[in-house]
Structures are given as structure tokens and as C-alpha cells.
Amino acid sequence: MTARPEDYAPALDHAVAHTLAWLSSLPDRPVRPRADADELAAAFGGPLPDGPTDAAEVVDELARRAEPGLMAMPSGRFFGWVIGGTLPAALAADWLVSAWDQNATLRYATPAVAAIEEAAARWVLDLLGLPGHADVGFVTGATMANFTGLAAGRQHVLAEAGWDLDTLGLTGAPRVRVIAGAERHATLDQALRYLGLGAPTLVPADGEGRIRLDALADELARGAGPAILCLQAGNIHSGAYDDIGAACALARQHGAWVHVDGAFGLWAAASPATRHLLSGHELADSWATDAHKTLNVPYDCGIVVVARPAALRAAMGTQASYLVRAEAGPADPQDKVPELSRRARSVPVWAALRSLGRTGVADLVDRLTRHARALADGIGAIEGATIRNDVVFTQVCATFGDDARTREVTARLLADGTAWMSGSRWQDRDVLRVSVSNWSTDDADVAASIEAVRRAAAR
Ligand SMILES: *Cc1c(COP(=O)(O)O)cnc(C)c1O
């Protein structure tokens, strides 16, 4: 029996109603959740029921029980970590992805989503100023995009060194030198660990968290053999960009593969106003970014771009007799990502880009940057507050005197509930960290959030 629409309609209708109720609660609800995970565990726990429950009832129960434990991450006043919201077209497209239920693995088997993926990939390369011949893989997030780009790099530099990685593995292989800036993102180390490449050699960073080029030149000169250089486009505290063009030129002299972690920052390339931050970034070999941050598609969606498709396909391609492949032509989606079976997560990317257009993406990036500057100006004007970074993109770090005082202001701000900004530690200080990543943040959100910080900082 084939599933009938009436099997789905009640549950879907209820899901739409709960979705709209959630979205309409965002302007007024506190940004922070009202209940913690332990309390929620009690609401969802208990023994597995013996018998079935009606699908619409399950949806109602989920929505009702989850509600107190939901963080208003899609709120325009959520500035924690680096968390994008969800554009309307992207959310609706994500629902279609679930309804279509395509396993986005093989071009011939799921042609619609393969074609959508290829179109989205071309748009992303175009917007981000990356080489048109590069391969694009849609992965779960920037952690996996870093992993995938670095896997291609590992494959390439070891092949260049004459080592057959696929047959022999890493044991006994020439050591791959991996070099990164001191302020690389923690997930880069995680990706290197997955790859058996160990901890990177760290090059000191400057006061904004950028890799120091003089120290990088020294480090590159210290060794020989296969090497990978990891650069960053967008520091999570300052938003600062490594000088990618200059660092690529240094890396070239040593035959190093260059990987750029631009989880949120790569999107600066989509606006004429911020493109200069990435100058020379097209000279790298691989790039990682997220669509679920700056582009505002639902979780989970990251993008890896590799300028040497052969290295990526050698690292990630699957060969199995039952996966009948096209004889020639473009690669299958599965050749560019770690997974075999996978969600068609490029579809919301296509929808987001289609709904915004080129100028819409540039406007989105410009708006985020403008709001970040306004928040920095507003918070910086509060008595006792100091903005610690040069606000070049979407990230702001503030202190309010000593560490204890900054932590106190952060805690009071979160308890107030008007806005959410993460506490963090940067360059040996506790900081209040702001990330403007949500498409829906407007001037009123910015003003209300500055007022909330002012209240939290009042003695
Ligand atoms: C968020 C982030 C990551 C990790 O991305 P996920 O999507 O959370 O896996 C890596 N690098 C930077 C700079 C980030 O901001």
C-alpha cells in the first residue's frame, strides 16, 4: 500500500500550526529557555509506551512539552555563539526535503535534488568568489567541511610525496606538517584528530587574532615535506580575517596545501563592502563554510569547496558494485562528502539564494555588519564598557572592567531575557561576545539589546 495524503495531513496541519505559534511567540518571549535539559528529560522520558500513538497527537505532545525548553535562537535578539536564523524560503524548502525523502547520493537516481545541488554549488562559488572549476560538497556543518577539505589536502600532499595513502594508510607515512594560527577554531583540531594528523603547530596571532605572517614565514621555513596550512576567514571573537592572499603566497613557496576555515566569514565575499577582507582567498586549495550561519538556512548545512576535485574525489568517493554509476560526466553528490546516504541539504541553500538573489545576499551581509557596528557603538557608550576588537564584520567583544564584573554583567543580561549574548574568554580576558548572524535582526532589536546590556551593567 502506498502512503495516502490523509495519513499525513493531520500531523502536517498540526506541525504548521505549532510552527506559526512558535514563530509568533518570538517577538515577546524571553530569548532564554525557561526550563533546563534535566527538567525536559523528565517531560520526555519514562518508559517507551507499548502501543502506538496517533501522529497528530505525537506532534502536539512534542510541541507542548518542548516549548519551555526552547531557546529563541531564531529571534532577532539572539547573538550567542555564531547562530543564524532561518529564512522563510529556506525553512519551507527544508520541509519539502523531508517530504520528498530523496537520498541525495547518485545523480541518476535523484536527478532533481542533484540538479538543485549543482545549481546551488555554482551560485555559492560565484557569490564567494571561488574558482568555478572547484568541487562543492554539502555536509552537516563547518566541522565536517573542515574535515572534508583537510582530507582532500592530506590525500594530495601525501600523493605528492609519493605515499599511497589508500593502500598503506597513515602508518609509516611521511609526517604531514599541519600549521595553524593560535586562534583557529576548536573544531579544526577536531577535524585534524579525525584525520590522524595530530595537533597543529601553532603560529602566534596578533591582537585581533590573525595569524602573524612573520611568524608564519619562520614556521614554514623550519621544516620540509608534505604540509597543510590552515587559515581563518572570520575569528569567532573579533571577526578578523587572516591575510589569506599573503599567507597563500608564503605557503606556495613550500608546496603546502592551504585550507581556509570561513564558517561564517566567507560570506563577506558576497558583498562589495566587505569583499576586501578576503583578498587573495581564491588562491587557497580548500574552503569550509556554513550555510546555517550567515546564509540563514536551517541546521544542519555546511559547505566544503575544493579547488582540486581529483583530491576530493579520491578522499571521499565511494566505489561499490551496487551503486551503478554514470559512465562519464559530473561527479555524483556522494563523491564529494564523507556520507553515502544523505539528506538533500543543498535544497534550502538553493531556496535561500533564489529568494535573496545576489543583491539580497549582499544586503544580508551588510545588514549584519551594520548591526554589529551599532551594537559595538551602543555597548561601547555604556559607562565602564570597553569594546575589545576592531569590528570589521559581525563579531563584537566587550568587557566591563575586570573578569568578575564582566561575568556578572553577562549573567545579568542572560537572566533579563531580552537578548542573548555568550560569555567567552578571549586574549586572556572574560568577554561578553556578540555575534550578529540572524537575517531578521532589525534596528529595534539592536536598540532593545543595547538597553538590556545597559540595565545589566547598571550598578
Ligand atoms: C561555527 C564554526 C565552526 C564549526 O562549525 P559547525 O557548523 O558548528 O560545525 C568552525 N569554524 C568557525 C570559525 C566557526 O565559527
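Residues numbered from 1 in each chain as written. Predicted model: local features only at pLDDT ≥ 70, side-chain atom pairs only at ≥ 80, totals over all residues. Heavy atoms only, no water.

**Some details on the environment of Glu160**
Next, step 1: Within the fold, Glu160 resides in helix H6 (residues 142–160).
Next, step 2: Residue classification places Glu160 among the exposed positions, given a relative accessible area of 62%.
Next, step 3: C-alpha separation for the pair Glu160 and Gly255, spaced 95 residues apart in sequence, amounts to 9.5 Å. (Helix = DSSP H or I, 4+ residues; strand = E, 2+ residues; numbered from the N terminus. Buried < 20%, exposed > 50% of the residue type's maximum accessible area, 1.4 Å probe, protein only.)

**Points about the UniProt feature "modified residue: N6-(pyridoxal phosphate)lysine" (unreviewed entry) in the protein chain**
Next, step 1: Here the UniProt-annotated "modified residue: N6-(pyridoxal phosphate)lysine" (unreviewed entry) positions come out as Lys293.
Next, step 2: Residue contacts for Lys293: discarding those within four places in its chain leaves Val82, Gly84, Ala263, Phe264 and Ser437.
Next, step 3: Only 3.4 Å separates the side chain of Lys293 from the side chain of Asp290, close enough to count as a polar contact. (UniProt positions renumbered as here; feature names shortened; annotations may be inferred. Contact = heavy atoms within 4.5 Å. Polar contact = N/O pair within 3.5 Å; in protein donor to acceptor, adjacent residues only side chain to side chain.)

**Topic: the domain arrangement of the protein chain**
Next, step 1: Domain assignment breaks the protein chain into domain 1 (5–72) and domain 2 (93–352).
Next, step 2: In this structure, domain 1 and domain 2 have C-alpha centres spaced 36 Å apart. (Domains from an automatic or database assignment.)

**Details of the pattern of salt bridges**
Next, step 1: Scanning all chains against the criterion turns up 26 salt bridges.
Next, step 2: Residue Asp403 pairs with Arg425 through a salt bridge whose shortest N-O separation is 3.0 Å. Pair noted here: Asp403 is in helix H13 (residues 403–416) and Arg425 is in strand E10 (residues 422–426), with a separation of 22 residues, a long-range link.
Next, step 3: On the basis of relative accessible area, Asp403 is assigned to the partly exposed category, the value being 25%.
Next, step 4: With its nearest N and O atoms 3.2 Å apart, the salt bridge here joins Arg454 to Glu451. (Salt bridge = Lys/Arg side-chain N within 4 Å of Asp/Glu carboxyl O.)

**Here's the deal with the nonpolar core**
Next, step 1: Counting 55 residues, the largest nonpolar core has Leu216, Leu229, Trp267 and Val349 as its most contacted members.
Next, step 2: Going through the elements one at a time, helix H5 (111–128), strand E1 (135–139), helix H9 (213–221), strand E4 (227–232), helix H10 (244–253), strand E5 (257–261), strand E7 (302–306) and helix H12 (346–380) are the ones with two or more residues in this core.
Next, step 3: Sorting elements by how many residues they give to this core places H5 first, with six residues.
Next, step 4: By size, the runner-up hydrophobic cluster in this structure holds 30 residues, among which are Met144, Phe147, Trp163 and Met316. (Core = buried A, V, L, I, M, F, W, Y, C linked by side-chain atoms within 4.5 Å.)

**A short note on the site of the ligand**
Next, step 1: Within the structure, the ligand sits among 13 residues, and Thr143, Asp261, Asp290, His292 and Lys293 are positioned closest to it.
Next, step 2: In this structure, an oxygen atom belonging to the ligand sits 3.0 Å away from a main-chain N or O atom of Ala142.
Next, step 3: A distance of 2.7 Å is found between an oxygen atom of the ligand and a side-chain nitrogen or oxygen belonging to Asp290.
Next, step 4: Taken by itself the ligand offers 380 Å² of open surface, and the protein chains cover 86% of this.
Next, step 5: When its residues are assigned to classes, the shell around the ligand shows four nonpolar, six polar and three charged. (Near = heavy atom within 4 Å. Areas by Shrake-Rupley, 256 points an atom, 1.4 Å probe, with all protein chains shown as cover. Nonpolar A, V, L, I, M, F, W, Y, C, P; charged D, E, K, R; others polar.)

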